[in-house]
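Okay, here's what each chain looks like letter by letter:
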Amino acid sequence: MIIILKEQPEKTQFDNLVTWLKSMNLKIHLSEGEKTTILGLVGDTSEIDPDLINALDIVEAVRRISEPYKNANRKFHPLDTVIEAGEHGESKIGGGNFGLIAGPCSVESEEQVLEIAEKVKASGAGFLRGGAFKPRTSPYSFQGMRGTGIEILLKAKQITGLPIVTEIMDMSQIELFEDVDVIQVGARNMQNFEMLKELGHIDKPILLKRGLSSTMEELLMSAEYIMAGGNEKVILCERGIRTFETATRNTLDLSIVPLLKEKTHLPVIVDPSHATGIRELVLPMAMAAAAAGADGLMIEVHNDPEHALCDGPQSLTPAQFDTVAAAVRKIRDVVSAPEGGR
Ligand code: PEP
Ligand code: MN
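Basis of the calculations
- Residues numbered from 1 in each chain as written.
- Chains lettered and ligands numbered in written order.
- Predicted model: local features only at pLDDT ≥ 70, side-chain atom pairs only at ≥ 80, totals over all residues.
- Heavy atoms only, no water.
- Pairing = 2+ DSSP bridges.
- Helix = DSSP H or I, 4+ residues; strand = E, 2+ residues; numbered from the N terminus.
- Axes fitted to C-alpha atoms, helices over the stretch in contact; angles between N-to-C directions.
- Contact = heavy atoms within 4.5 Å.
- Donors = N, O, S within 2.8 Å, 3.2 Å for Na, K, Ca; no water.
- Buried < 20%, exposed > 50% of the residue type's maximum accessible area, 1.4 Å probe, protein only.
- Salt bridge = Lys/Arg side-chain N within 4 Å of Asp/Glu carboxyl O.
- Phe/Tyr/Trp six-rings, centres within 6.5 Å; stacked < 30°, edge-to-face > 60°.
- Parallel < 35°, antiparallel > 145°, perpendicular 65-115°, else oblique.
- Left-handed = near helix turned anticlockwise from the far one by under 90°.
- Nonpolar A, V, L, I, M, F, W, Y, C, P; charged D, E, K, R; others polar.
- Expected span 1.5 Å × (residues − 1).
- Polar contact = N/O pair within 3.5 Å; in protein donor to acceptor, adjacent residues only side chain to side chain.

Asker: In this structure, what is going on with the sheet that holds strand β13 (residues 268–270)? I would like to understand it.
Answerer: Strand order around the closed barrel formed by eight strands is β7-β8-β9-β10-β11-β12-β13-β14, with parallel pairing between neighbours. Neighbour-to-neighbour, the strand axes of this sheet turn through a mean angle of 30°, independent of strand direction. When strand β7 (residues 99–103) meets strand β14 (residues 296–300), the two strands line up parallel, connected through five bridges. From the neighbouring strand, I101 faces β14, where its bridge partner is M298. Relative to the sheet, helix α4 (residues 146–160) contacts β8 (127–129) and β9 (164–168), its axis offset from that of β9 by approximately 165°.

Structure (structure tokens):
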């Protein structure tokens, strides 16, 4: 349920309303815009009589929210959420800010990461990605450099100033993520609810990738798990889903981007690398994602894709990434930037 208040609600009445709602065991999410204040109620509202609340002087309207996701719902929070990272918050995603996240699938060596980091930064990337803990289909494949991989990413951050994005696979690893800027939850862990709950108590942006066979609502409910714990900094990522089509690694569900933007205030980015698995498709799909209104892209870039330990066939060279970044900027110039709310 949401309660939309009239402009500049009288303070005593406002406080009384909030106290009463809290006494009903409801959690209140306050969203203050320029003109409207919205109280979003989380919990069992079945006992609440909307007419009673509607009769209050300070109340403009009361609406029931049918969707199961509340904190992530745009009705709770009409304005776009903007995620900021970097020393001075200079890397932003959401609310008209387009974030480019680039880097190798996995951290392989210091030289590799430093070279890629410098190059993608020069091309306009605002974030460096790199997997230290890798969710591989085979236990015999390279599993990532783990703690050493995170140290390498931190070194690249120190040198380039780029905030880093890397995946956590289990909460036992969390201590290593202390200086990581954005924690990624991979597709295979999207419904690891215990981990999502724990990440809800952390004050860091979480990049939540859509599960291989998850619906939009399941993705939003996973975001809700994180937000219910108090962490509202969630970025959603469409990375392709499993369909009958085998010509591409996954099927990029681009139509989810504008739909998600309508349903939620959270930023939505697209990963055309894992979605297609084919290097040549990254450029057209990156442009299409920008045209569809995505708030950013996550793209795999490798200095020597032929010898990459992971996902070489979908990785771009730094020069190819530069072309993609320039093309995406052109697309962004012709499609109007997403409005900061609706
Ligand atoms: C990744 O981004 O490194 C990754 C493993 O992606 P996904 O979880 O989408 O497969
Ligand atoms: Mn990869």
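Asker: How should I be thinking about the coordination of the manganese ion (ligand 2) in this particular structure?
Answerer: In ideal tetrahedral geometry, four donors around a metal make angles of 109.5 degrees, whereas ideal octahedral geometry with six donors gives angles of 90 or 180 degrees. Here the manganese ion (ligand 2) is held by C105 (SG), H274 (NE2), E300 (OE) and D311 (OD), and the distances to it run 2.0 to 2.4 Å. If you list the donors of the manganese ion (ligand 2) from N- to C-terminus, the spacing comes out as C-x168-H-x25-E-x10-D. You can see C105 sitting in the loop between β7 and α3 (110–122) and its partner D311 sitting in the loop between β14 and α10 (318–334), a full 206 residues away along the chain. A relative accessible area of 17% means that D311 is categorised as buried.

Asker: How should the pattern of salt bridges be read in this particular structure?
Answerer: Where charged atoms of side chains with opposite charge meet at close range, the side chains can pair. The final tally for this structure, using the stated rule, is 15 salt bridges. K197 serves as the salt-bridge partner of E194, at 3.2 Å between the closest nitrogen and oxygen. Note that E194 and K197 are positioned in helix α5 (residues 193–199) at a spacing of three residues, about one turn of the helix. K197 sits in the partly exposed class, given a relative accessible area of 36%. Each of R210, E238 and D253 takes part in one network of salt bridges that share partners.

Asker: Is there a simple way to think about the packing of aromatic side chains in this case?
Answerer: Each aromatic ring pair is specified by the distance between its two centres and by the angle formed by the two planes. All told, the structure shown has two aromatic pairs when counted by the stated rule. Relative to F177, the ring of F133 lies with its centre 6.2 Å away and its plane at 20°, an arrangement referred to as stacked. You can see F133 sitting in the loop between β8 and α4 and its partner F177 sitting in the loop between β9 and β10 (182–185), a full 44 residues away along the chain. Assessed through its relative accessible area of 3%, F133 is described here as buried. Relative accessible area serves as the criterion here: at 1%, F177 is assigned to the buried category. Ring centres of F193 and Y225 lie 4.5 Å apart, and the angle between their planes is 25°; this geometry places the pair in the stacked category. On the criterion of sequence distance, the pair formed by F193 in helix α5 and Y225 in helix α6 (residues 216–228) is long-range, its members being 32 residues apart. The partly exposed category is assigned to F193, whose relative accessible area is 31%.

Asker: Is there a simple way to think about the packing of helix α9 (residues 279–291) against α10 in this case?
Answerer: When two helices pack together, their arrangement is given by the angle between their axes and by how far apart the axes lie. For the pair α9 and α10, interaxial distance at closest approach is 8 Å and the crossing angle is 20°. In this view, α9 runs roughly parallel relative to α10, as classed from their interaxial angle. Like other packed secondary-structure pairs, α9 and α10 cross with a definite hand, here right-handed. The segment α9 lies against α10, with R279, L283, A286, M287, A290 and A291 engaging Q320, T323, V324, A327, V328, I331 and R332. Tallied by class, residues from the contact of α9 with α10 come to nine nonpolar, two polar and two charged.

Asker: Any chance you could explain α4 here in plain terms?
Answerer: Because an α-helix packs 3.6 residues into every turn, residues spaced three or four apart end up facing the same way. In this model α4 runs 21 Å from its N-terminal to its C-terminal C-alpha over 15 residues, within 8% of the 21 Å that 1.5 Å per residue would give. Looking at α4, one finds that the buried residues are G147, G149, I150, I152, L153, A156 and T160. Contacts made by the buried residues of α4 are with α3, β8 and β9. Where α4 terminates, the next one or two residues include G161, which has phi positive at roughly 80°.

Asker: Whenever I open this one, the environment of E10 confuses me. Can you help?
Answerer: With respect to the helices, strands and loops of the structure, E10 is situated in the loop between β1 (2–5) and α1 (11–23). By relative accessible area, E10 is classed as partly exposed at 40%. In sequence terms E10 and G40 are 30 residues apart; their C-alpha atoms lie 18 Å from each other. At 3.2 Å, the side chain of E10 and the backbone nitrogen of Q13 are in polar contact.

Asker: How should unusual backbone geometry be read in this particular structure?
Answerer: For residues besides glycine, phi is generally negative; the peptide bonds are generally trans as well. The phi dihedral of Q8 falls on the positive side, at around 45°, and the residue is not glycine. Its location among the elements puts Q8 in the loop between β1 and α1.

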